[in-house]
Amino acid sequence: MEELLDLNKLNPQQREAVTTIEGPLLVVAGAGSGKTLVLTYRIAYLISLGISPSSILALTFTNKAASEMKERIRNLVGKRADYIYMGTFHSIFARILRQEAHLIGYTRDYSIYDTDESENVIKGILKDFNISENHFTPRFIQGLISKAKNKLIFKENGLNNFFDMYNKKLLAIYEEYNKRLKDSNAMDFDDLLIKPIELFTVSEELLSKYRERFNYILVDEYQDTNTAQYFLLKMLVNQNKNICCVGDDAQSIYKWRGAEVRNIIEFNKDFPETKIIRLEQNYRSTKSILAVADSVIKNNIYQIPKTLWTSNEQGEKVTVTTCFDERDEANYVAKIVSSLINSNKYKPREIAILYRTNAQSRNFEEVFIKSSIPYIIVGGVEFYKRKEVKDILAYLKLLVNPKDDESFLRIVNFPPRGIGDVSIETLRTIARNNEKSMFNAIPDLIESPNIQDRIKKNFKNFYEFISKYRSLVNDKNFYEIVKTFIDELNILQLYKEERTEESNQRYENIIQLLNSIQEFQVNNPESTLTDYLSEISLIADVDNWEDRKNSVVLMTLHSAKGLEFKVVFIVGCEDGLLPLRRDGDIDDIEEERRLFYVGCTRAMKHLHLTYSRNRNRFGNSYPQVPSRFIEEIDKSHIIFDSTPLAEIYLKKNSDLRSIITDEYSQLDRHENLDTNYISKNLKAGSIVEHDVFGRGKVIYLDGYGDHQKVIVEFKSGIRKHLMVKYANLKVIK
DNA sequence: GCAATTTACTTTTTT
DNA sequence: AGTAAATTGC
């Protein structure tokens, strides 16, 4: 049913943002100010003026945001909405790349490598280059390469300098990495943004085509775009400069991923005639919630000054609850949630638990199961990142892209088929000599002399098995083929026979994956297996979360961006956790504060903040201090509370043990800590010897027992953080 | 080459 | 505390 496009529903600023369709426009939209409404109305308005939907390019941050927006626009303008180019930067440009990949030396069936796969490529390079992983972990290098790419730093403009700050070998690693990806016909996430730039540079004609087509460009969550995305936008904007960016610098929480708030602030430098519209009326939250959020965010120095206000009711004060530890915290939250649900005040889906790190979800999960509260965890170990799912996907990727060495390596001997490390190395050498991918080099191996027949046979079986299905995957009816393929793989049988809880789960996950393939085929009858693989490589977990599943939502503060809930709990408001401290330092306090701000402004009616006095990390309990953000809150809008357990802890520390022991027997461990390690004579300044790194000097000592840590500066000049328990240090002096 | 056992490492946040 | 990686024994 179509709803009417009624501009009178909008306030004057919103209306202006909707109807200003010519020229560059920047909408600085505060939290809850109707940003999504403006974007949907704006697009619907464009279409109602007779503008072709296919000339509109709308870029969002998550696929979920895109599909929701499309749905809402469909309600306003009907089926025409289907022709809008709407999606995330990554998915839109992945699609364009599929069509034009041949221009830059890829095929349309290129693989997309996620962070893990990129890391594996780097691991392989380090091994071949004989570089120890001790100096730089593959993850660190992956991060640097990603940063270089999304900041558009290439060889021509200072890549050498960028890497030299760390290590001279990095440039060589970087080049080898790109070579290997290209040889594998694969792109990483950042390539999906910089390869289009390459494409448009190679083919002026192609660029003109898309510039002409996308006469109206809209960008959501503009504060979280990076340099590469910005550059792409500038390339695509045509002489009409119809570009509309919507964002809020106070909600920029992806700087660590290369997002440049500068893109907002300098927008009107690149587009001098930019019109700026501010949306400052909040329609979401109560006055109390807004006041709390505002009192915290105003401690940030770097921000565009703005006043967010609301005509909503004052509402109840925000509660701040002290808990004893993370289990007590989870119990407390579960109790409140139960009463909210049982009194029919709120439905489960209207309640969210937000935390800084995924690891925090576990305690809540346990308690929610016990209390029979329906819940759903967004993120954590994501479905598509699970081993069994990735295994199947690796098979499928290899089917469509036989050059994909990463996928090949993942599954060549899983399930086991007698192809071990030695056989793989033999094949790798042949592949290299013949300049082929590993899969494509199997026939060469079979032709080679001096290789055992047994090994040749194992490879031959594998090669024939894959080849049999390779010819079939371009079929539009790929689901049936994939199903037959998996039957022949016999992997479901394998998990079924194992009969453990874990294998049952894996079995279920593969079934679920098959269902998702079937669903995709039904919804996209014209698509191929490649399209399916492309789509799932780019989905975030938030995208998958269906809120119709009436459950309490547990997720990270990052995932909560763009969402709203009647009741919000922000848990773990402790210094070191929120803001998060890492390696002894808080990376960027202002970004952490914005994250806290994002969390607070998700709440419509009630906001609860909790923190624990003690928190377990890696098995040991540590005392905690409340978050500095709690100190920063205007106290007239909050009420402090504490759980009974925390109460006891505060008042009578001495009686604590007898009360707590029943419930938390692990607390006693502090008394029984094993002090057999060399810790007694280890102190700052000690000279120690390490099996691998040799002699060094202890410059910092922290913690005790199992968890004692040292920082040692070794002769070679490198500093290492070591766990005393594992480091096996000999004290020399 | 494979399974079982032991050891190492983890907690940012995600397209 | 829980999980992935590495090592050992067969």
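Each remark here, short or long, concerns the structure printed above.
What counts, and at which threshold
Residues numbered from 1 in each chain as written. Chains lettered and ligands numbered in written order. Predicted model: local features only at pLDDT ≥ 70, side-chain atom pairs only at ≥ 80, totals over all residues. Heavy atoms only, no water. Near = heavy atom within 4 Å. Polar contact = N/O pair within 3.5 Å; in protein donor to acceptor, adjacent residues only side chain to side chain. Helix = DSSP H or I, 4+ residues; strand = E, 2+ residues; numbered from the N terminus. Nonpolar A, V, L, I, M, F, W, Y, C, P; charged D, E, K, R; others polar. Buried < 20%, exposed > 50% of the residue type's maximum accessible area, 1.4 Å probe, protein only. Salt bridge = Lys/Arg side-chain N within 4 Å of Asp/Glu carboxyl O. Pairing = 2+ DSSP bridges. Axes fitted to C-alpha atoms, helices over the stretch in contact; angles between N-to-C directions. Parallel < 35°, antiparallel > 145°, perpendicular 65-115°, else oblique. Left-handed = near helix turned anticlockwise from the far one by under 90°. Contact = heavy atoms within 4.5 Å. Expected span 1.5 Å × (residues − 1). Phe/Tyr/Trp six-rings, centres within 6.5 Å; stacked < 30°, edge-to-face > 60°. Core = buried A, V, L, I, M, F, W, Y, C linked by side-chain atoms within 4.5 Å.

Draft legend 1. Main features of the protein's contact with DNA strand B. Lining the immediate environment of DNA strand B, one finds 29 residues, of which R356, N413, A540, R582 and D587 sit closest. Atoms of DNA strand B within 4 Å of the protein: sugar and phosphate make up 48%, bases the balance. At 3.2 Å, a side-chain N or O of R582 approaches a phosphate oxygen of DNA strand B. Of all the elements, helix α19 (residues 421–433) adds the most residues to the surface near DNA strand B, at three residues. Taken together, the residues of the surface near DNA strand B sort by class into eleven nonpolar, twelve polar and six charged.

Draft legend 2. Region of interest: unusual backbone geometry. Note the cis peptide between F414 and P415, where omega equals -5 degrees. Mapped onto the secondary structure, P415 falls in the loop between α18 (405–411) and α19. The residue after L578, namely P579, is reached through a cis peptide bond having omega 10 degrees. In the Ramachandran plot, E221 falls in the positive-phi region, its phi being about 50 degrees despite a non-glycine side chain. Here E221 is to be found in the loop between β6 (216–219) and α11 (227–236). Residue classification places E221 among the buried residues on the basis of a relative accessible area of 7%. If you check the backbone angles, K241 has positive phi at about 50 degrees while not being a glycine. Tracing the backbone through its elements, the reader meets K241 in the loop between α11 and β7 (243–247).

Draft legend 3. Summary view of the pattern of salt bridges. Counting across every chain of the model gives 46 salt bridges. Two residues, D191 and K149, come together in a salt bridge whose shortest N-O distance is 2.8 Å. One end of the pair, D191, is in helix α9 (residues 191–202); the other, K149, is in helix α6 (residues 138–150), with 42 residues separating them in the sequence. Accessibility assignment for this pair places D191 and K149 in one class, buried. A salt bridge links D270 to K234, with the nearest nitrogen and oxygen atoms 3.1 Å apart.

Draft legend 4. Focus on the pairing of strand β9 (residues 318–323). Where burial is concerned, most of β9 is hidden: six out of the six residues are buried. Every second residue of β9 is oriented toward a common face, with V318, V320 and T322 on one face and T319, T321 and C323 on the other, all of them buried. Inspection of the sheet shows β9 paired to strand β17 (residues 638–642) by five bridges, in the parallel sense. For T322, the partnering residue across the bridge sits in β17 and is S642. For β9 and strand β14 (residues 603–612), the ladder comprises five bridges, and the chain directions are parallel. Looking at β14, one finds that T319 is bridged to H608.

Draft legend 5. Expanded view of the packing of helix α5 (residues 115–128) against α6. Where α5 meets α6, the axes come as close as 9 Å, and the angle between the chain directions of the two elements is 110 degrees. When the interaxial angle is binned, α5 and α6 end up roughly perpendicular. Handedness of the crossing formed by α5 with α6: right-handed. Across the interface between the two elements, T115, S118, E119, I122, K123 and L126 of α5 pack against P138, R139, I141, Q142 and I145 of α6. Across the contact of α5 with α6, the residue classes tally to five nonpolar, three polar and three charged.

Draft legend 6. Examining α9 more closely. Along its twelve residues, α9 runs 15 Å from first to last C-alpha, staying within 8% of the 16 Å computed at 1.5 Å per residue. Extensive coverage of α9 is indicated by the burial of nine of its twelve residues. Within α9 the residues assigned to the buried category are D191, L192, L193, I194, K195, P196, I197, L199 and F200.

Draft legend 7. Fine view of the sheet that holds β7. A sheet is described by the order of its strands in space; here six strands give the open sequence β3-β2-β6-β7-β1-β8, paired in parallel fashion. If you trace the sheet from one side to the other, it starts and ends with β3 (85–88) and β8 (275–279), each paired once. In this sheet, neighbouring strand axes are inclined to one another by 15 degrees on average, regardless of whether the strands run parallel or antiparallel.

Draft legend 8. The packing of aromatic side chains, seen in detail. One pass over the full model with this rule turns up 21 aromatic pairs. Relative to Y254, the ring of F61 has its centre 4.8 Å away and its plane inclined at 45 degrees; by these criteria the two rings are tilted. Taken as a pair, F61 in the loop between β2 (56–60) and α3 (63–77) and Y254 in the loop between β7 and α12 (262–265) lie far apart in primary sequence, 193 residues in all. On the accessibility criterion, Y254 (9% relative accessible area) is buried.

Draft legend 9. Structural detail: the nonpolar core. Grouped together as the largest cluster of nonpolar side chains are 54 residues, with contacts concentrated most on F462 and Y532. Here this core takes nine residues from helix α17 (residues 387–400), the largest share from any one element. Apart from residues lying up to four places away in sequence, F462 is in contact with Y395, L398, F408, I411, V412, R417, I419, F439 and I442. Listed in part, the 45 residues of the second largest apolar core include L59, F93, I104 and Y222.

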